Amino acid sequence: MTAHTHTGTPTRSTGSLAAGIEARAATGALAGAGNKMDAKGVKVFYGAKQALKGIDLEIPDRQVTALIGPSGCGKSTFLRCLNRMNDTIGIARVEGLITLDGQDIYDREIDPVQLRARVGMVFQKPNPFPKSIYDNIAYGPRIHGLASGRDEMDEIVAKSLQRAGLWNEVKDRLKEPGTGLSGGQQQRLCIARAVAVSPEVILMDEPCSALDPIATAHVEELIDELRENYTIVIVTHNMQQAARVSQRTAFFHLGDMVEVGDTEDIFTNPRDERTQGYITGRYG
Amino acid sequence: MTDIISDTPKAAIYQSDDFAARLRKRYAAERRFKMYGVVAIGVALGMLAILLTSIVGQGYTAFAQHDLALEVFFDPAEIDPQGSRDPAVISNANYGALARTALQAVFPEVEQRTDRRRLTSMISNGAAFELRQMVIDDPSLIGTRKQVRIPLASDYDQVLKGNIDRTLPETSRKVTDQQIAWVDKLVANGQIVNGFNWRLFANGDSRDPELAGLKAGLVGSLLTLMVTLGLAIPIGISAAVYLEEFAPKNKLTDLIEVNINNLAAVPSIVFGLLGLAVFLNAFNMPRSAPVVGGIVLALMTLPTIIIAGRAALKAVPPSIREAALGVGASPLQVVTHHVLPLAMPGILTGVIIGMAHALGETAPLLMIGMIAFIVDTPGGFGDASTVLPVQIFMWADSPERGFVERTSAAIMVLLAFLIGMNAIAVFLRKQFERRW
Ligand SMILES: Nc1ncnc2c1ncn2[C@@H]1O[C@H](COP(=O)(O)OP(=O)(O)OP(=O)(O)O)[C@@H](O)[C@H]1O
Ligand SMILES: [Mg+2]
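Residues numbered from 1 in each chain as written. Chains lettered and ligands numbered in written order. Predicted model: local features only at pLDDT ≥ 70, side-chain atom pairs only at ≥ 80, totals over all residues. Heavy atoms only, no water.

Student: Tell me about the overall build of chain A, and please be specific about residues and values.
Tutor: Looking only at helices and strands, one finds 11 helices and 10 strands in chain A. Here chain A, with 284 residues, has 54% of them falling under the buried criterion. Nonlocal contacts in chain A, meaning residues at least 24 apart in sequence, comprise 65% of its contacts between residues at least 6 apart. Just so you have it, chain A exposes about 12300 Å², and 48% of that area is on carbon and sulfur atoms. (Helix = DSSP H or I, 4+ residues; strand = E, 2+ residues; numbered from the N terminus. Buried < 20%, exposed > 50% of the residue type's maximum accessible area, 1.4 Å probe, protein only. Contact = heavy atoms within 4.5 Å. Areas by Shrake-Rupley, 256 points an atom, 1.4 Å probe, with all protein chains shown as cover.)

Student: Hey, could you go over the interface of chain B and chain A for me, with residue numbers and the actual values?
Tutor: Listed per partner, the contact involves 20 residues of chain B and 23 residues of chain A. With both chains or domains summed, chain B and chain A bury close to 1700 Å², and 64% of this area falls on carbon and sulfur atoms. Ranking the residues of chain B by area buried against chain A places Glu322, Leu325 and Val327 of chain B at the top, with a combined share of 33%. At the surface where chain B touches chain A, the tally comes to 1 salt bridge. Notably, a salt bridge pairs Arg80 of chain A with Glu322 of chain B, separated by 2.8 Å at the nearest N-O pair. Remark: the boundary between chain B and chain A carries 6 residue pairs in polar contact (both at pLDDT 80 or more). Contributions of two or more residues to the side of chain B that touches chain A are made by α11 (215-246), α15 (318-326) and α16 (331-359) of chain B. Top element by residues in the side of chain B that touches chain A is α15 of chain B. It accounts for 7 residues. (Buried area = accessible area lost by both parts, 1.4 Å probe. Salt bridge = Lys/Arg side-chain N within 4 Å of Asp/Glu carboxyl O. Polar contact = N/O pair within 3.5 Å; in protein donor to acceptor, adjacent residues only side chain to side chain.)

Student: An account of the coordination of the magnesium ion (ligand 2) is needed here, citing residue identities and associated values.
Tutor: For a metal with four tetrahedral donors the ideal donor-metal-donor angle is 109.5 degrees, while six octahedral donors give ideal angles of 90 or 180 degrees. Bound to the magnesium ion (ligand 2) on the protein side are Ser76 of chain A (OG) and Gln124 of chain A (OE1), at distances that span 1.9 to 2.4 Å. Residue Ser76 of chain A is found in helix α2 (residues 75-82), and its partner Gln124 of chain A is found in the loop between β6 (119-122) and α4 (133-144); the two are separated by 48 residues along the sequence. (Donors = N, O, S within 2.8 Å, 3.2 Å for Na, K, Ca; no water.)

Student: How would you summarise the pairing of strand β9 (residues 248-253) of chain A if you had to cite specific residues and measurements?
Tutor: For a regular strand, the rule is simple: side chains alternate between the two faces of the sheet. All names here are of chain A. In terms of burial, β9 is a largely internal element, 6 of the 6 residues being buried. On β9, burial covers both faces: Arg248, Ala250 and Phe252 on one face and Thr249, Phe251 and His253 on the other are all buried. By the bridge criterion, 4 bridges tie strand β3 (residues 64-68) to β9 in an arrangement that is parallel. Considered in β9, the bridge of Leu67 is made with Ala250. (Pairing = 2+ DSSP bridges.)

Student: I'd like to hear about the nonpolar core, residue by residue, with values.
Tutor: The biggest cluster of nonpolar side chains holds 96 residues, and the ones touching the most others in it are Val42, Leu67, Phe78, Leu82, Ile98 and Phe252 of chain A. Residue contributions to this core peak at 12 residues, all from α16 of chain B. Those residues within four positions of Leu82 of chain A in sequence are excluded, and the remaining contacts are Met37, Ile59, Ile98, Ile105, Leu115, Val119, Leu203 and Val233 of chain A. By size, the runner-up hydrophobic cluster in this structure holds 46 residues, among which are Ile68, Ala147, Val195 and Val258 of chain A. (Core = buried A, V, L, I, M, F, W, Y, C linked by side-chain atoms within 4.5 Å.)

Student: Please set out the site of ligand 1 residue by residue, giving values where relevant.
Tutor: Residues and elements named next belong to chain A. Contacts to ligand 1 come from 15 residues, most closely from Ser71, Gly72, Ser76, Thr77 and His237. In the environment of ligand 1, an oxygen atom lies 3.3 Å from a nitrogen or oxygen atom belonging to the backbone of Cys73. Take Gln124: an N or O atom from its side chain is 2.9 Å from an oxygen atom of ligand 1. Elements with a minimum of two residues in the shell around ligand 1: β2 (49-60) and α2. In terms of residue count, the dominant contributor to the shell around ligand 1 is α2 (3 residues). (Near = heavy atom within 4 Å.)

Student: Pulling in residues and values, what's your account of the UniProt feature "domain: ABC transporter" (unreviewed entry) in chain A?
Tutor: Here the UniProt feature "domain: ABC transporter" (unreviewed entry) sits at residues 37-279 of chain A. Taken end to end, residues 37-279 of chain A is 38% helix and 27% strand, and its first and last C-alpha atoms sit 26 Å apart. (UniProt positions renumbered as here; feature names shortened; annotations may be inferred.)

Student: Could you give an account of a negative patch on the surface, with specific residues and numbers?
Tutor: Taken together, the side chains of Asp151, Glu152, Asp154 and Glu155 of chain A make up a negatively charged region of the molecular surface. Looking at Asp154 of chain A, the relative accessible area reads 30%, which means it is partly exposed. (Patch = residues over 30% accessible without salt bridge, like charges linked within 9 Å, V, L, I, M, F, W, Y side chains within 5 Å. Lys, Arg positive; Asp, Glu negative; His and termini not counted. Charge placed at Lys NZ, Arg CZ, Asp CG, Glu CD.)

Student: Before we move on, can you summarise the environment of Arg100 of chain B with the specific residues and values?
Tutor: All names here are of chain B. Mapped onto the fold, Arg100 is located in helix α5 (residues 95-106). Judged by its relative accessible area of 35%, Arg100 is partly exposed. For the pair Arg100 and Val72, spaced 28 residues apart in the sequence, the C-alpha separation amounts to 9.2 Å. Among all residues touching Arg100, those that are not within four sequence positions of it are Asn94, Thr120 and Ile123.

Student: Requested: an account of the sheet that holds strand β1 (residues 64-73) of chain B, with residues and values cited.
Tutor: Residue and element names in this part refer to chain B. In spatial order, the strands read β2-β1-β3; together these 3 strands make up an open sheet with antiparallel pairing. Each of the sheet's edge strands pairs with one partner strand only, and the pair in question is β2 (145-151) and β3 (192-196). Along the sheet, successive strands turn relative to each other by an average axial angle of 40°, direction set aside. (Axes fitted to C-alpha atoms, helices over the stretch in contact; angles between N-to-C directions.)

Student: An account of the packing of helix α13 (residues 268-282) of chain B against helix α14 (residues 290-314) of chain B is requested, with residue identities and associated values reported.
Tutor: Residues and elements named next belong to chain B. Running from amino to carboxyl end, α13 crosses α14 at an angle of 135°, the nearest separation of the two axes being 9 Å. Between α13 and α14, the interaxial angle falls into the category oblique. By crossing handedness, the relation of α13 to α14 is classed as right-handed. Of the residues in α14, those touching α13 at Ser268, Phe271, Gly272, Leu274, Gly275, Phe279 and Leu280 are Val292, Ile295, Val296, Leu299 and Met300. When its residues are assigned to classes, the contact of α13 with α14 shows 9 nonpolar, 3 polar and no charged. (Parallel < 35°, antiparallel > 145°, perpendicular 65-115°, else oblique. Left-handed = near helix turned anticlockwise from the far one by under 90°. Nonpolar A, V, L, I, M, F, W, Y, C, P; charged D, E, K, R; others polar.)

Student: So what about the environment of Met367 of chain B? Which residues, and what values?
Tutor: Residue and element names in this part refer to chain B. If you trace the backbone, Met367 turns up in helix α17 (residues 363-367). For Met367, a relative accessible area of 24% translates into the label partly exposed. Expressed as a C-alpha distance, the spacing of Met367 and Gly293, which sit 74 residues apart in the sequence, is 9.6 Å. Once residues lying within four places of it in the same chain are set aside, the contact partners of Met367 are Ile269, Gly272, Leu273 and Leu276.

Student: Hey, could you go over the pairing of strand β1 (residues 35-46) of chain A for me, with residue numbers and the actual values?
Tutor: All names here are of chain A. Two elements, β1 and β2, share 9 bridges in a ladder whose sense is antiparallel. Across the sheet, residue Met37 finds its bridge partner in β2, namely Ile59. In sequence, β1 turns back onto β2 through a hairpin of 2 residues, with Gly47 there showing a positive phi of about 65°. Pairing of β1 with strand β4 (residues 92-100) involves 8 bridges; the strand directions are antiparallel. Residue pairing across strands places Phe45 opposite Arg93, the latter belonging to β4.

Student: I'd like to hear about the side chain of Thr249 of chain A, residue by residue, with values.
Tutor: Residue and element names in this part refer to chain A. Within the fold, Thr249 resides in strand β9. Take Thr249: its relative accessible area is 0%, and that puts it in the buried class. A polar contact of 3.3 Å, which involves the side chain of Thr249, links it to the side chain of Ser246. Within polar-contact distance, the side chain of Thr249 engages the side chain of Thr263 at 3.0 Å. When neighbours within four sequence positions are excluded, Thr249 is seen to be in contact with Ala66, Ile68, Glu259, Val260, Gly261, Thr263, Ile266 and Phe267.

Student: A description of the side chain of Glu361 of chain B should follow, citing residues and the corresponding values.
Tutor: Residues and elements named next belong to chain B. Structurally, Glu361 is set in the loop between α16 and α17. Within the buried core, Glu361 has no salt-bridge partner, and the shortest N-O distance to an opposite charge, that of Arg287, equals 17 Å. Among all residues touching Glu361, those that are not within four sequence positions of it are Ser268, Leu297, Met300 and Pro389.

Student: Kindly report on unusual backbone geometry, identifying the contributing residues and their values.
Tutor: Across the chain, the bulk of peptide bonds are trans and the bulk of non-glycine residues have phi less than zero. Residues and elements named next belong to chain A. In this structure, Arg84 takes a positive phi of about 60° despite not being glycine. Within the fold, Arg84 resides in the loop between α2 and β4. The phi torsion at Asp101 lies on the positive side, around 50°, for a residue other than glycine. When you line up the elements, Asp101 lands in the loop between β4 and β5 (103-104). With a relative accessible area of 45%, Asp101 lands in the partly exposed category.

Okay, structure coming up:
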């Protein structure tokens, strides 16, 4: 049911990756910080419609990368390539090379189930399971066998909820259904659920779009804290948020990645005028 | 202040009489629509009430039946002249004679042979069997006198229930004035008693209405449905899950989908023909057997369950699947942990509809020989058997007056069976819904 076409042509084999790394090594772009993930020429088609037109993006280890850009430009699509979530869309077709720790994630040897345990995701729309709050968090650790007993599981649940800033609100009603929470609480529950399986990379698709400023601040603190150990990619429409939480920012526009760089540079000194227009609010 | 500019508030329009009239019309339309709905439901309920009252009104009397309460002498000379107590001898004795003697003892004045024969015709053919069974169960009865209840022939039961009108002229009813007088005397003596008709549930079919029971049909229906459920639920749900969650979307699966929809519309008798051709003729499976009936009915209900199951699976929001995949669940875990539990109420609805359909089905079962006259309760899936709806069909076809009330009673039993089954399914559905 996967629609991914792993063409295996020489242009996108490991040979080209090696060439890319060589090229970067030559320019010194790779100096010091290793890249957790790396996308090369990623194209996505929904049927005949092309949503991404060849994205090259490096995602450095233990940093927050923000994806910004107007609605419909392909940010979510790109994010969903990073944990092969697009496999589940029948008409979606992914081309190009994406690596995790240097390994092609679309390789036959990579199991998408394992990949998604390593690359977790918080979706654009909150989607808690119609189960109890506790089970929402415990589900992932349970299927991966992360807790060896009831106490350990309780601890994982409590810690995950604390990190997502939801603990105080739900600690007395862990048995109630997760779907009974407010929209913003549900989103934090989904963040806690993603954190609970301790992935290496966490993909967040507008995690704060339904949150009030206090909860947003919570989540931003969480992101800051997670950055010590995790690699984070966050899509946001909030420029201040991108500036506050991210170290690197990529600007997407109509399926292209227009510009990527250190967040400070992008916001103070954008090279492309489309970027400038967008971040200053002049873009429609 | 002219109203040429289009983007001014339309206050004037919304407060005009014209607008108020339009609003009234809209409300009137809504009221009419609601009225149609109420009328439609009212008509449906009325029909249902008429159906139920006619069935219950005709059938409730069958749940009680009149018996003869006679003092029977278990005459050793008749049962076991040699005193050997040999079971073979005991079971071959003429027990009808014991019953006849007991009844004649009540009416010593009846002496003519034809009169005597008329008198003893009040005793059902079943009396001999029941007396024999008593003696076989307890041979010490031989040589004793005992007050026993033996079945009264159906026509007299019908007279007492008022189903045969005694005010009619003698020639236009099956029972003579003399026989009615005997019955009345027995009632006055307290030698005819009315009680719960346990034979309706304890006996198999019979030519004699007073002995005919539903046990063979009930057990046959139960066995058949067990086979149907056991096959249709796992196969139907697996097929629905595979087609909806795993199968690639291509021409072949499209074709399969179209054909499943077509199968749901195939007349049930065609499935019976299939059963006859494949299971009986090609595979040599037993005729009239619940296992074959169950397979045929399972084939018939599969499309219903698959279609309902797929609709229920499709209704589970994709975001739930993504959420589970996102934390690293495998596709099968996504289905079994999340999608299937959420789709279960809808799937069960399909199962209920399919099973209700299967329980009431007759036509395909006729094709595979389940229209047999079954006296003995089937003991297994391979035994000759019948099912409730076929039993109803056969009783409805019988000319005796006593079968009229029994037919309605059998329909009531079938409906109770159906309601019971649905109640279980609805209960299960509620259990699953609570998990949301
Ligand atoms: N499942 C899908 N089927 C078909 N087209 C899709 C699908 N998902 C996204 N698209 C198309 O791909 C393009 C990129 O969509 P995407 O969701 O990635 O945008 P986005 O940048 O996340 O927008 P937003 O900021 O509004 O979330 C859009 O034109 C959209 O219509
Ligand atoms: Mg998006």
